[in-house]
Amino acid sequence: GRELNDVERKSLTIGNDGRGGYLAPEQLLNEVIQLVRDRNWTRAMSQVYSVRGAATIGIPVITENMSDPVPTSEISTSGTNDTSLTFGIRNLTPRLREVSIPVGRLAEISSAVDIFNIVFQQMAYVKARKEEKEFLTGNGADEAMGVFTESANGVSSSRTRLLGTATEISGDDVINAVAMLREQFRNANLRWVFHRNLEGRLRNLKDLNNNYIFSPIGQGVYNAQFLAAGMPGVLLGIPYYISEYAPDPGLTGDLAAATNLAMLGDWSQGYAIADSIDGEIVNLDQKFYPAKGIGIVAAYDGQPINQDAFVRLRTSA
């Protein structure tokens, strides 16, 4: 009739395998090895605004600039009136996202590891993964507008550089994409974004002498034409990010028609994120009773605000 101690309770508790029960009868390290952990870089590179007291935040955008100054007489009575400067508004409306999960009471009490801390970490990871996917390929309707999505409200087709050859990418295509970007966006925040299989295709490019052109300096061969200089994590001197949510061109074979391959851009000047709720943890014990439960809710939106800061590399139709 007395209360069980921790060792006795743990030895008598089994629970469900995949839902954490198997953690109870064994002594485990106070650490869980994550099999997959994608890094979320999109927030760190973008402009982030907090929305308070309103459902939507409007960001003024200059859609057409002033004309160049023109010579005029100091004694002229007519003068010049510039009416070309116009503004538009990019509206960001944070939408609610929610993830909830039940946590068994026995698993919480008997486990050697902190079950709730594991769940918190995984929820944060899932939120970050969802954000990265939306900021790259979102449709802008019920989710954020992605930079790979061609849209007049985001990055339009005018910012697309088509490959010189429809079914394969070359070093010339990479150079031409950079040439499309104005000088003011070529700064420390400039990044390539593409899938790891496109990285593989780029690394497999060879010159007429069968030498790899994607090669760092210091290999004992002539490097003047190489795309990478100094370290393999840059392309034409510009760092790149690998994302599982960028369009996948496949590692071999002909490229599919009308397929996005890579995005080059300055996210700090070109993309904005609006937060209304940034990862709020809620207690859901009543929802999952008699099990315990927790959830995470977030409300955010994202949209390109200056398409000139981006260049999209794409195969022709």
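No experiment lies behind these values; they were computed from the predicted model shown. (Residues numbered from 1 in each chain as written. Predicted model: local features only at pLDDT ≥ 70, side-chain atom pairs only at ≥ 80, totals over all residues. Heavy atoms only, no water.)

1. So, the overall build of the protein
Okay, step 1: Of the regular secondary structure elements, the protein holds eight helices and twelve strands.
Okay, step 2: Considering the protein as a whole, with its 317 residues, one finds that 42% of them fall into the buried category. (Helix = DSSP H or I, 4+ residues; strand = E, 2+ residues; numbered from the N terminus. Buried < 20%, exposed > 50% of the residue type's maximum accessible area, 1.4 Å probe, protein only.)

2. Section: the pattern of salt bridges
Okay, step 1: One pass over the structure, following the stated rule, counts ten salt bridges.
Okay, step 2: Its salt-bridge partner being Arg95, residue Asp301 comes within 3.1 Å of it at the nearest N-O pair. Of this pair, Asp301 sits in strand 11 (residues 292-304) while Arg95 sits in strand 4 (residues 95-103), and the two are 206 residues apart along the sequence.
Okay, step 3: Taking the relative accessible area as the measure of exposure, Arg95 reaches 23% and is therefore partly exposed. (Salt bridge = Lys/Arg side-chain N within 4 Å of Asp/Glu carboxyl O.)

3. A look at unusual backbone geometry
Okay, step 1: For Leu236, which is not glycine, the phi torsion reads 55 degrees and is therefore positive.
Okay, step 2: Locating Leu236 in the fold gives a position in the loop between strand 7 (234-235) and strand 8 (238-242).
Okay, step 3: The class for Leu236 is partly exposed, based on a relative accessible area of 31%.

4. Details of the nonpolar core
Okay, step 1: Residues Val147, Trp192, Leu202 and Trp267 are the most contacted members of the largest nonpolar core, which totals 45 residues.
Okay, step 2: Once residues within four sequence positions are removed from consideration, Trp192 is found in contact with Val174, Ala177, Val178, Leu235, Ile238, Pro239, Tyr240, Tyr241, Ala262, Met263 and Leu264. (Core = buried A, V, L, I, M, F, W, Y, C linked by side-chain atoms within 4.5 Å. Contact = heavy atoms within 4.5 Å.)

5. Regarding the sheet that holds strand 12 (residues 310-314)
Okay, step 1: The mixed open sheet is built from six strands, whose spatial order is 5-12-9-6-8-7. This sheet does not close on itself; its edge strands, each paired only once, are strand 5 (160-162) and strand 7. (Pairing = 2+ DSSP bridges.)

6. Details of helix 5 (residues 171-179)
Okay, step 1: If you check which residues of helix 5 are buried, you get Gly171, Asp173, Val174, Ala177 and Val178. Down the axis of helix 5, the buried set is contained in an arc of 165 degrees. They therefore lie on one face. Counted as exposed and oriented over 90 degrees from the buried face of helix 5: Asp172 and Ala179. (Arc of directions from axis to C-beta.)

7. Section: the packing of aromatic side chains
Okay, step 1: As enumerated under the stated definition, the model contains seven aromatic pairs in all.
Okay, step 2: Measuring from centroid to centroid gives 4.6 Å for Trp41 and Tyr241, while their planes differ by 10 degrees, and the two rings are stacked. You can see Trp41 sitting in the loop between helix 1 (6-11) and helix 2 (42-45) and its partner Tyr241 sitting in strand 8, a full 200 residues away along the chain. As far as the burial class goes, Trp41 and Tyr241 line up, both buried.
Okay, step 3: Here Trp267 and Phe310 contribute two aromatic rings whose centre-to-centre distance is 5.7 Å and whose plane-to-plane angle is 90 degrees, an arrangement assigned as edge-to-face. Placement of Trp267 in helix 7 (residues 267-270) and of Phe310 in strand 12 is noted, with a sequence separation of 43 residues between them.
Okay, step 4: We classify Trp267 as buried; its relative accessible area is 1%.
Okay, step 5: Connected via pairs of aromatic rings, a cluster forms that spans Trp41, Phe135, Tyr241, Trp267, Tyr271, Tyr300 and Phe310. (Phe/Tyr/Trp six-rings, centres within 6.5 Å; stacked < 30°, edge-to-face > 60°.)

8. Considerations on the sheet that holds strand 1 (residues 47-50)
Okay, step 1: If you walk across this open sheet you meet the four strands as 1-10-11-4, and the pairing is mixed. Lying at the two open borders of the sheet, with one neighbouring strand each, are strand 1 and strand 4. Neighbouring strand axes in the sheet, compared pairwise and without regard to direction, differ in orientation by 30 degrees on average.
Okay, step 2: In this structure, strand 1 lies alongside strand 10 (residues 271-283), joined through four bridges in parallel fashion. Across the sheet, residue Tyr49 finds its bridge partner in strand 10, namely Ala274.
Okay, step 3: Where helix 4 (residues 115-137) meets the sheet, its contacts fall on strand 4, strand 10 and strand 11, and the angle it forms with strand 11 comes to roughly 20 degrees. (Axes fitted to C-alpha atoms, helices over the stretch in contact; angles between N-to-C directions.)

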